[in-house]
Amino acid sequence: MFGLPAVGLSTPTLPLLVAIVAGVGLGTVSGLVPGLHANTFALLLAAIAGAVPGSAVAVGAAMLAAGVTHTFLDIVPALALGVPDPAMAANALPGHRLVIQGRGREALRLSALGSGLAVAFAVPLAIPVTLVMQRAYPLVAERLPLVLGVIAALLVVTEQDRRAAVGACCSLAASGALGVWLLDASVSAVLPVADVLVPLFSGLFGAPVLLSAIDGDGVPPQSGTTVTVPRNTVARLAAVGTLCGAVVGYLPGVSSAVAATLALGLTSGRGPRAFTVTTSGVNTATAVFALFALVALGTPRTGVLVALDQVGPPLALPWLLTAVAVAALSGAVLVPLLGDRYLRTVGRLDPAVLSVSVLVGLLVLSYVFAGGVGVGAFGLATAVGHLPPYFGARRATLMGVLLVPLAL
């Protein structure tokens, strides 16, 4: 398929399944720990791949399973940590509004449905989309700065008012300046792999929310698990997320957050539940489409697939899709199973102590993955990360940290 040599299933089944299960475990950990991404584990695995027992195919399957599982579980800390005071609910992230309303358990299940349906939609859809992109990608690549510029412009013009649009411009410019300055900076790390994206993303997206939560009331008691969105609506929202995930899977610099923000133009007026389903669908579909982009075009589009490409395993699509399927099924089960307990545990903790503890953890991670430069990057990114809420703009505009350097 897609011009690749045929790769059979001759690799022993049991070791591969063990590797996939191990990857699910890694993705669960990375998904539940704020600031820790599946990319981190994948890059570490790439650095020590030679010492990891098992075939290169098994290591690659573990990486991919970790990445897919993470896209399911990352909703849990996003909902449970950094919940602002109810008085600030209008400016809170949509998922936080559900938690403030006591509907966090429903939000978990909506997210699991969005991600699970996205996998079901994306796998068959990826084949025709990839065939089209094989022909279209050279044209897109030639005009990539223009494409990224249009995406940035859409992020600005789709803001709710003029003040928010000004804030979006400021956020794009400031985060873009950070990216231009720091993405290619020489950094030293405690671990075998240096990654300046850890402090940048932790500061841009994590720290500002945690700082706002210090004076908040924390996670209120959560009510029942009933999903109040009709099944057909959930399926349509997941389909929208899947289609937008295709954009992320093939275009460099376009994150799930950017695609989800654009997708909201198609789901406007449907509230935070629509946001949760759509965003989760985008996030997980990206992992599937990016895999096909790597197989067909040789272009890794996510951190997990960059690490996978570094290891260089045979791209045995049947096994890699098996890893996707096992991770998706596991993630769909683990989100409500672990998420409900996570919300209850966080709800019993003092929000100030919890927020400060997580902030310290993010600072430590920044140092571990990028040394002193990482600590400085975390501080600067935290300052820039306050721009969107100050202006009432969307946080996705902070993805200028990738959009601007790639456009230039």
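Criteria and cut-off values
- Residues numbered from 1 in each chain as written.
- Predicted model: local features only at pLDDT ≥ 70, side-chain atom pairs only at ≥ 80, totals over all residues.
- Heavy atoms only, no water.
- Helix = DSSP H or I, 4+ residues; strand = E, 2+ residues; numbered from the N terminus.
- Buried < 20%, exposed > 50% of the residue type's maximum accessible area, 1.4 Å probe, protein only.
- Contact = heavy atoms within 4.5 Å.
- Axes fitted to C-alpha atoms, helices over the stretch in contact; angles between N-to-C directions.
- Parallel < 35°, antiparallel > 145°, perpendicular 65-115°, else oblique.
- Left-handed = near helix turned anticlockwise from the far one by under 90°.
- Salt bridge = Lys/Arg side-chain N within 4 Å of Asp/Glu carboxyl O.
- Phe/Tyr/Trp six-rings, centres within 6.5 Å; stacked < 30°, edge-to-face > 60°.
- Lys NZ or Arg CZ within 6 Å of the ring centre and 35° of its normal.
- Patch = residues over 30% accessible without salt bridge, like charges linked within 9 Å, V, L, I, M, F, W, Y side chains within 5 Å.
- Areas by Shrake-Rupley, 256 points an atom, 1.4 Å probe, with all protein chains shown as cover.
- Expected span 1.5 Å × (residues − 1).
- Arc of directions from axis to C-beta.
- Disulfide = S-S within 2.5 Å.
- pLDDT = per-residue confidence, 0-100.
- Nonpolar A, V, L, I, M, F, W, Y, C, P; charged D, E, K, R; others polar.

> Please clarify how the overall build of the protein should be interpreted in this entry.
Counting its secondary structure elements, the protein contains 17 helices and zero strands. Residues classed as buried in the protein amount to 52% of the 408 residues present. Put simply, 84% of the contacts in the protein that link residues at least 6 apart link residues at least 24 apart.

> What is the right way to read the packing of helix α9 (residues 197-213) against helix α15 (residues 351-385) from this model?
When two helices pack together, their arrangement is given by the angle between the helix axes and the distance between those axes. Where α9 meets α15, the axes come as close as 8 Å, and the angle between the chain directions of the two elements is 155°. As summarised for this structure, α9 and α15 are arranged roughly antiparallel, according to the angle between their axes. Relative to α15, α9 is oriented so that their crossing is left-handed.

> Teacher, can you tell me more about the pattern of salt bridges here?
Pairing is possible between side chains of opposite charge, provided their charged atoms come close. Enumeration over the complete set of coordinates arrives at five salt bridges. The residue Arg103 makes a salt bridge to Glu106 at a minimum N-O spacing of 3.0 Å. A relative accessible area of 15% means that Arg103 is categorised as buried. Glu106 gets classed as buried once you look at its relative accessible area, which sits at 1%. For Glu106, the salt bridge identified is with Arg273, shortest N-O distance 2.9 Å. On the criterion of sequence distance, the pair formed by Glu106 in helix α6 (residues 104-142) and Arg273 in helix α12 (residues 271-297) is long-range, its members being 167 residues apart. Taken together, the shared-partner salt bridges connect Arg103, Glu106 and Arg273 into one network.

> Whenever I open this one, the packing of aromatic side chains confuses me. Can you help?
Aromatic rings in a pair are described by how distant their centres are and how their planes are angled relative to each other. One pass over the structure, following the stated rule, counts one aromatic pair. Plain terms: the ring middles of Tyr390 and Phe391 are 5.1 Å apart, the flat faces sit at 85° to each other, and that makes the pair edge-to-face. The ring of Tyr390 carries Arg163 above its face, with NZ or CZ at 5.1 Å from the centroid.

> Help me out: how do you make sense of the side chain of Ser111 in this one?
As for its placement among the helices and strands, Ser111 is situated in helix α6. When sequence neighbours within four positions are dropped, the list of residues in contact with Ser111 reads Phe72, Ile75, Thr276 and Ser280.

> What should I look at first to understand a nonpolar patch on the surface in this one?
Residues Leu146, Val150, Leu154 and Val157 make up a contiguous nonpolar surface patch of about 380 Å² in total accessible area. With respect to the helices, strands and loops of the structure, Leu154 is situated in helix α7 (residues 144-157). Given a relative accessible area of 36%, Leu154 falls into the partly exposed group.

> Looking at this model, I keep getting lost on helix α3 (residues 56-73). Mind explaining?
Helical periodicity: at 3.6 residues per turn, an α-helix aligns residues three or four positions apart in one direction. Its 18 residues give α3 an end-to-end C-alpha distance of 26 Å, which sits within 8% of 26 Å, the value for a rise of 1.5 Å per residue. The element α3 is extensively covered by neighbouring structure, given that 17 of its 18 residues are classed as buried.

> When you look at the environment of Leu337 in this model, what are you seeing that I'm missing?
Structurally, Leu337 is set in helix α14 (residues 317-347). Assessed through its relative accessible area of 41%, Leu337 is described here as partly exposed. Distance from Leu337 to Arg109, taken between C-alpha atoms, is 9.9 Å for residues 228 residues apart in sequence.

> Is there a simple way to think about α7 in this case?
With 14 residues, α7 should cover 20 Å at 1.5 Å per step; its first-to-last C-alpha distance of 20 Å lies within 8% of that length. All buried positions along α7 are accounted for by Leu144, Leu148, Ile151, Ala152, Leu155 and Val156. The arc that holds every buried residue of α7, seen down its axis, measures 145°, which confines them to one face. Every exposed residue of α7 that faces more than 90 degrees away from the buried side is listed here: Leu146 and Val157.

> Would you explain the state of the cysteines in this entry?
Disulfide: a covalent bond formed between the sulfur atoms of two cysteine residues. One pass over the full model with this rule turns up zero disulfides. Free of any disulfide, Cys169 has its nearest cysteine sulfur in Cys170, 6.8 Å distant.

> Hey, could you run me through the confidence of the model for the protein in this one?
Residues shown with low pLDDT carry predicted positions that ought not to be read at fine detail. Per-residue pLDDT for the protein has a mean of 79; in total, 82% of the residues score no lower than 70. Between the elements of the protein, mean pLDDT differs from a low of 62, seen in helix α11 (residues 256-263), to a high of 91, seen in helix α8 (residues 162-182). Every residue in residues 3-10 scores below 50 in pLDDT, and together they form seven contacts with partners more than four places removed in sequence or on other chains. Note that pLDDT drops below 50 for residues 83-92; the model gives that stretch 19 contacts with residues more than four away or on any other chain.

> Please explain the packing of α12 against α14 as it appears in this structure.
At a minimum axis distance of 11 Å, the contact between α12 and α14 shows a crossing angle of 165°. As far as their axial angle goes, α14 and α12 are roughly antiparallel. As α12 packs across α14, the resulting crossing turns out to be right-handed. On α14, the residues touching Val288, Leu291, Phe292 and Val295 of α12 are Leu317, Leu320, Leu321 and Val324. In terms of residue class, the contact of α12 with α14 is built from eight nonpolar, no polar and no charged.

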